[in-house]
Structure formats: structure tokens, C-alpha cells
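As a plain string of letters, each chain reads:
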Amino acid sequence: MSVSFTRRSTRLELLSARALPQQKVIVITDKLGFEPNANKVTTSWLSEQYGDKAITTGVTHLNESSKYLLLILSQLERRFEPRQIFHYIAQCKRDATVDHVFVWIVEQKLQEPFLRPYLEHMADSVITFEDRQHLSLLVKKNTGAVTHKYYEFDPLKDSITVVEAKRAAATKATAVSMEVAPPPNPASLGTFKIDLKDEEVAAKNALTLPFEFFKTLPEGGKILYHPDAEDDLDEEDPDDDLLI
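Report on the accompanying structure. Note that the structure is predicted; figures quoted are calculated from it, not measured.

## Concerning the overall build of the protein chain
From N to C terminus, the protein chain includes eight helices and 10 strands. When the 244 residues of the protein chain are sorted by exposure, 33% land in the buried category. A separation threshold of at least 6 residues defines the contact pool for the protein chain, and within that pool the share at least 24 residues apart is 63%. If you sum the accessible surface of the protein chain, you get close to 16,700 Å²; carbon and sulfur atoms cover 53% of it.

## Some thoughts on the packing of aromatic side chains
Per the counting criterion, the structure on display carries six aromatic pairs. Summarising the aromatic geometry, the rings of Trp45 and Phe102 are spaced 6.2 Å apart at their centres and angled 50° between planes, so their arrangement reads as tilted. Residue Trp45 is found in helix H2 (residues 38–50), and its partner Phe102 is found in strand S6 (residues 100–105); the two are separated by 57 residues along the sequence. We classify Trp45 as buried; its relative accessible area is 0%. Taken together, a centroid distance of 6.5 Å and an interplanar angle of 65° make the contact between Phe86 and Phe114 edge-to-face. Of the two residues, Phe86 is situated in helix H4 (residues 82–94) and Phe114 in the loop between S6 and helix H5 (115–122); the sequence distance between them amounts to 28 residues. Accessibility expressed as a relative area gives 11% for Phe86, which makes it buried. Put simply, the rings of Phe34, Phe129 and Phe153 touch in pairs and so form one group of aromatic residues.

Definitions and cut-offs
Position numbers for residues count from 1 along each chain, tracking the sequence in the order it is written. Since the coordinates come from a predicted model, pLDDT governs what is reported: local features require at least 70, and pairs of side-chain atoms require 80 or more to be given and counted, while whole-chain, interface and lining totals use all residues. Only hydrogens and water are removed before side-chain values are computed, so all heavy atoms of the structure are retained for them. Helix and strand definitions follow DSSP, with helices as H or I runs of at least four residues and strands as E runs of at least two, each counted in order from the N terminus. Only protein chains enter the calculation, and the probe is 1.4 Å; a residue is then buried if its accessible area is under 20% of its type maximum, exposed if over 50%, and partly exposed in between. The contact definition used throughout considers only heavy atoms, calling two residues in contact when any of these lie within 4.5 Å. Here the accessible surface of atoms and residues is derived via Shrake-Rupley with a 1.4 Å probe, and residues count as covered only by protein chains that are part of the display. To pair, rings of Phe, Tyr and Trp, with the six-membered ring standing in for Trp, must have centres within 6.5 Å; the planes then decide the type, stacked if under 30 degrees apart, edge-to-face if over 60, and tilted in the middle.

Encoded structure:
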């Protein structure tokens, strides 16, 4: 599907300022292959918000405890069952000493596709890198409200600054292609003829069937039975002994 974005603002903002404050579990859905730099990216977000001393701790055993944690799902999924990963993240959410849990997801590497939507459901913020210039940010607020916005960004810069953008609908050509195709003509589905010419339709309509002919007679329709020589006709009721 063809999707286009248009800028809604010219104001530059730090992505970290939008995604981190008051949000504990932050899921990053990576469609661009940033995973090798996941630690660098998340640490830069922390530095922007809390200073240079704020760094992420990589999770490898599901027993780490730190203020800022980073789970790379493609690595953990090979070693642990999904329920163990879910349980660990739930524990971190309840742990007052943990400020942020970053969960980095590359969907193409997942062995279990249900992991991504489940973790996004658990998350407080979801960052999705849509393409090389655009990302989406879903934020769940404490009040229960949810915001979902799109941004334009420059992946070549050290700090990810964003400009709000509007995601347009599919292009006209795509929309036309998605229209429901008209039903096929039944006559084209087989090798035999099922439609009639005009003169054949007229002849069909003019034909009087036998039951319609007898309706026009004074005595109406009758069933006439002519027995064969071998028929065993019995004038008596064969079911007389059944008292029915």
C-alpha cells in the first residue's frame, strides 16, 4: 500500500522528550535494521533526558536489575520461553527501582509473531520506525488516553529530532485497485451455453407446459392411470386392518 506523509509542523522536538517521560515500558519496533545500534540509540535518549551518566543495562538472563534496562527480543527469544519474558517485564513494571525498560523488536527475526502485539499491549510507549524518514509514536497516558502520531526524522543525525507529520491515505491508484471486483458473468465460467438469445427467450415464454394447459379445461387437471396387464389391482383398502 502506498502511504505518503506531509509535515504538519516545522517545530523540531527530541524523540526522547516525547517517548520517555513518565513511560516505563518502551517498545521499539524496528523495520530499518537499527538493532545492532540499539544500545547506542537508547543510551543517547537517556543522556538527552537525564545526563551522560544514564546508561542502559543489557538484559541477557532475565534477572538483571537496573534503573534502565534494554531487552533485545531476537536474542532473548532463542533462550527463553515467551511466558518467561512477559513475566520479567511485568516484574520490572512493578519494581520501583526501574525507571525505563526498552524492548527492541525486529519482527522479521521473531520465531513467534504474537510476541510483538502482546508486548506492544504491555508497553506504555511504542516507537515504530516506519521507513528511513518516518516513525510513529503511540503513547498511553496515566489518564487512560492514548495518542498516536507520526513524525519525520533524520536517521543520519546523532540525536533523533522529529517533526510532526500527517499520514495520508492510500493513493488514488491504490484505492481503485482495492475496490471489490464485480462478480463474474456465470456464462464465462463453463464451456456450455447458459444464456439465451432474444428469439429463444420469446419462444420459451410462448411455450405452454402440460400442467398449464389442463388448468384451462373445465374439469381442471386430472391424474390418469392406465394399469398394465401385470398390475395387481385391489379394490379393497390394503391398510384397512390398521384402523387408520
